[in-house]
Amino acid sequence: MSYIAILLTFIFINNFILVQFLGLCPFIGVSKSSANAIGMGASVTFVTTVASVVTWAIYYFLLVPMHLEYLQTLTFILVIASLVQLLEMVIQKISPALYQALGIYLPLITTNCAVLGIAIINITNTYNVMESFTAGFAAGAGFTLAIVLMSNIREKLDLMPVRRAYRGMPIAFISAGLMALSFMAFDKSLLTNLHLV
Amino acid sequence: MQILLAVLTVALLGGAFGFGLSYAEKKLAIKKDEKLLELEPIMPGVNCGVCGYAGCNAYAAAIAQEGAQLNLCAPGGPDLVEKISQIMGMVVEVDPDQRRKVARVMCNGNIEFTAKDYLYDGPMDCNAASLLMGGDNTCKDGCLRMGSCIKVCPTDAISLDGQGYIVVDEAKCISCEKCVAICPTHVMHMIYEDSEYSIDCNSKLPGGRVRKFCSVGCIGCKICENKFPESGCKVENYLAYFDQAVPHSQIAEAAEACPTKIIIKR
């Protein structure tokens, strides 16, 4: 599978939020303003990309030689949680500006299922390290796309005369459902038609 | 054997990450500014935002690192300015004239004195009520008495008394002006704490119209301004206000002469 195909797959065809329904908590929780959404999206992209590579290494250099593949979920949670903590410290040390922008979102990502999801999907699809890296980045980019679109919709919705019973969360869920519906337009046949598979 | 291997692997991995993290935390620890460490605990901690920063800690950081002005904190007052200037090693002239300001509702009306346009039956919130033709009072400048200010007050200084008046506990007021900002009719004003008198009306309508719906409103008759020029009262837009800065020797007589008795001794 080419890298372009992986990018298309994880951004559009298997968009983490709108198709696979992973990482819905920040998608609803942090999508009230677009500035926050962009920060959250950038943090998730950063973490999925790094986590993909690190979990790939842990799996193939530690679990496979010891025949402990069935421990992948447990180990990955451990690895991701520690990794995010470490990243938070490193960012705080080397770039206070980046920490100001991403810092408050990093603890939220520690136990995010989107990050664990991409780590396990990489293993299931038997990607090599570069493919895992691409997939991790693409998954984060897809997450960012969805959450930024959602935040723009919700900012508009706040100004609209929405019926009281629908105001806030209910209309947000309905909008998310309609967005998911539109993402159904991206299909595996897209890759075939583009001669990428 | 297999189980032992699994347990050992996870335990070692977890242990390694744990030690790694605690080592990294020591290694990567960021030295906090010493002045900041001293400043943070003396801030009032109400996070009111009057200083223009996100909260007390943000203001402390701005003082320590960006050289922000030292006297922006209203709740802290002159005492805090002095403490901060000691820590920062700077001398700031504390203006002796800088008097404490407290919030006060400039309205004497209640159900007894003031007419209503309609019967309001909605959320008990001034801003919600004011969306419907400026509130249920006929006087659109008066106090709606639904307590939006009570909800925002960080120190619980504002309360509703038995007769339907919003009263401010001046000892608790920290001059944060949150109630001034939230009030839809702008009837909440900041006045000097030591001001002896206060003119409790906010209606800018001509006297004839005020008289129709309120028996305790300023009718703009200018008796206080014209007959008692030394009273410190000025009338603008059919509304008198009391200026303590100018000589106000005749204010007691003016209060006596006011036809609607709205010049009130505090």
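Structure: above.
Figured I'd write up the structure that's included with this text.

Parameters and conventions
- Residues numbered from 1 in each chain as written.
- Chains lettered and ligands numbered in written order.
- Predicted model: local features only at pLDDT ≥ 70, side-chain atom pairs only at ≥ 80, totals over all residues.
- Heavy atoms only, no water.
- Buried < 20%, exposed > 50% of the residue type's maximum accessible area, 1.4 Å probe, protein only.
- Helix = DSSP H or I, 4+ residues; strand = E, 2+ residues; numbered from the N terminus.
- Pairing = 2+ DSSP bridges.
- Contact = heavy atoms within 4.5 Å.
- Buried area = accessible area lost by both parts, 1.4 Å probe.
- Salt bridge = Lys/Arg side-chain N within 4 Å of Asp/Glu carboxyl O.
- Polar contact = N/O pair within 3.5 Å; in protein donor to acceptor, adjacent residues only side chain to side chain.
- Nonpolar A, V, L, I, M, F, W, Y, C, P; charged D, E, K, R; others polar.
- Axes fitted to C-alpha atoms, helices over the stretch in contact; angles between N-to-C directions.
- Parallel < 35°, antiparallel > 145°, perpendicular 65-115°, else oblique.
- Left-handed = near helix turned anticlockwise from the far one by under 90°.
- Expected span 1.5 Å × (residues − 1).
- 1 Å grid on protein atoms, 1.4 Å probe; cavity = no way out; pocket = protein on both sides within 12 Å on 5 of 7 lines; lining within 4 Å.
- Points joined across faces, edges and corners; volume = space filled by probe spheres on them.
- Phe/Tyr/Trp six-rings, centres within 6.5 Å; stacked < 30°, edge-to-face > 60°.
- Lys NZ or Arg CZ within 6 Å of the ring centre and 35° of its normal.
- Core = buried A, V, L, I, M, F, W, Y, C linked by side-chain atoms within 4.5 Å.

A word on the pairing of strand β6 (residues 233-236) of chain B. Residue and element names in this part refer to chain B. Side-chain alternation along β6 places C233 and V235 on a buried face and K234 and E236 on a face that remains uncovered. Alignment of β6 against strand β7 (residues 239-242), held across 4 bridges, turns out to be antiparallel. Considered in β7, the bridge of C233 is made with F242. Adjacent in sequence and paired antiparallel, β6 and β7 are bridged by 2 residues, among which N237 carries a positive phi angle near 55°.

Counting residues at the interface gives 17 residues for chain A and 14 residues for chain B. Between chain A and chain B lies a buried interface of about 1,400 Å² when both sides are counted; carbon and sulfur atoms form 83% of it. On the chain A side of the contact with chain B, A:L78, A:M89 and A:K93 bury the most area, a combined 33% of that side's loss. Remark: the boundary between chain A and chain B carries 0 salt bridges. If you look at where chain A meets chain B, you find 1 residue pair in polar contact (both at pLDDT 80 or more). Sort the elements by how many residues they give to the side of chain A that touches chain B and helix α4 (residues 72-94) of chain A lands first, with 11 residues. Here the residues of the side of chain A that touches chain B sort into 11 nonpolar, 5 polar and 1 charged.

Residues and elements named next belong to chain B. With a phi close to 60°, S175 is a non-glycine residue in the positive phi region. Here S175 lies in the loop between β3 (166-168) and α7 (178-182). One non-glycine residue, N237, lies in the positive phi region at around 55°. Relative to the assigned elements, N237 resides in the loop between β6 and β7.

Looking now at the packing of α4(A) against helix α7 (residues 113-124) of chain A. All names here are of chain A. It is the contact of α4 with α7, at a shortest axis distance of 10 Å, that shows an interaxial angle of 135°. Looking at the two axes, α4 sits oblique to α7. Two packed elements cross with a definite hand, and for α4 against α7 that hand is right-handed. Side by side, α4 and α7 meet where Q72, T73, F76, I77 and I80 of the first sit next to V115, L116, A119, I120 and I123 of the second. The residue makeup of the contact of α4 with α7, split by class, is 8 nonpolar, 2 polar and no charged.

All names here are of chain B. In this structure the tally under the stated criterion is 5 salt bridges over all chains. Among the ionic pairs, R100 bridges to E193, the shortest N-O distance being 3.0 Å. Taken together, the residues span a long stretch of sequence, with R100 in the loop between α4 (77-88) and β1 (101-105) and E193 in the loop between β4 (188-192) and β5 (197-199) at a distance of 93 residues. Measuring nitrogen to oxygen at the nearest pair gives 2.7 Å for the salt bridge that ties R104 to D200. Note that R104 is positioned in strand β1 and D200 in the loop between β5 and α8 (207-213), a separation of 96 residues in sequence. On the basis of relative accessible area, R104 is assigned to the buried category, the value being 18%. According to the relative accessible area criterion, D200 is buried, its value standing at 3%.

With 23 residues, α4(A) should reach 33 Å at 1.5 Å per residue; the first-to-last C-alpha distance of 31 Å fits that figure. For α4(A), the complete set of buried residues consists of A:Q72, A:T75, A:F76, A:V79, A:I80, A:S82, A:L83, A:V84, A:L87, A:E88, A:M89 and A:I91.

Quantified by volume, the largest pocket comes out at close to 610 Å³. A:Q100, B:K32, B:L36, B:A61 and B:Q65 are, among the 18 residues lining the largest pocket, the residues nearest its centre. Counting residues per element, the ones that place at least two in the lining of the largest pocket are α4 and α5 (96-102) of chain A together with α2 (34-42) and α3 (56-66) of chain B. The element that contributes the greatest number of residues to the lining of the largest pocket is α3(B), accounting for 6 residues. Taken together, the residues that form the lining of the largest pocket break down as 8 nonpolar, 4 polar and 6 charged.

The subject of this paragraph is the packing of aromatic side chains. Here the structure, examined in full by the defined rule, presents 9 aromatic pairs over all chains. Note on A:W56 and A:F61: the rings are 6.0 Å apart at their centroids and 90° apart in plane angle, and the pair reads as edge-to-face. In this structure A:W56 comes out as buried when scored by relative accessible area, which is 15%. Aromatic pair A:Y59 and A:Y60: ring centres 5.0 Å apart, planes at 85°, arrangement edge-to-face. Residue class for A:Y59 comes out buried when judged on its relative accessible area of 10%. A connected cluster of aromatic rings, assembled from ring pairs, spans A:W56, A:Y59, A:Y60, A:F61 and A:F76. Between B:K101 and the ring centre of B:Y192, over which it is positioned, the NZ or CZ distance is 5.3 Å.

Once that is clear, we can look at empty space enclosed by the protein. Residues and elements named next belong to chain B. One pass over the full model with this rule turns up 5 cavities of 30 Å³ or more. What lines the largest cavity is a set of 14 residues, among which C126, C143, C149, C183 and V187 lie closest to the centre. By residue class, the composition of the lining of the largest cavity is 10 nonpolar, 3 polar and 1 charged.

Residue and element names in this part refer to chain A. Counting residues in hydrophobic clusters, the biggest one holds 38 residues, and the most contacted among them are L18, F27, M40, V47, I109, I147 and M150. At the level of elements, α2 (24-29), α3 (34-63), α4, α6 (106-109), α7, α8 (129-159) and α9 (169-183) are the ones that each hand at least two residues to this core. Ranked by the residues each element gives to this core, the list is headed by α3, at 7 residues. Not counting residues within four places of it along the chain, the set of residues in contact with I147 comprises P26, F27, S31, A37, M40 and G41.

This part takes up the side chain of B:N137. All names here are of chain B. By secondary structure assignment, the location of N137 is in the loop between α5 (126-130) and α6 (148-152). One polar contact links N137 to K116, side chain to side chain, over a distance of 3.2 Å. Side-chain polar atoms of N137 contact the backbone oxygen of C143, separated by 2.9 Å.

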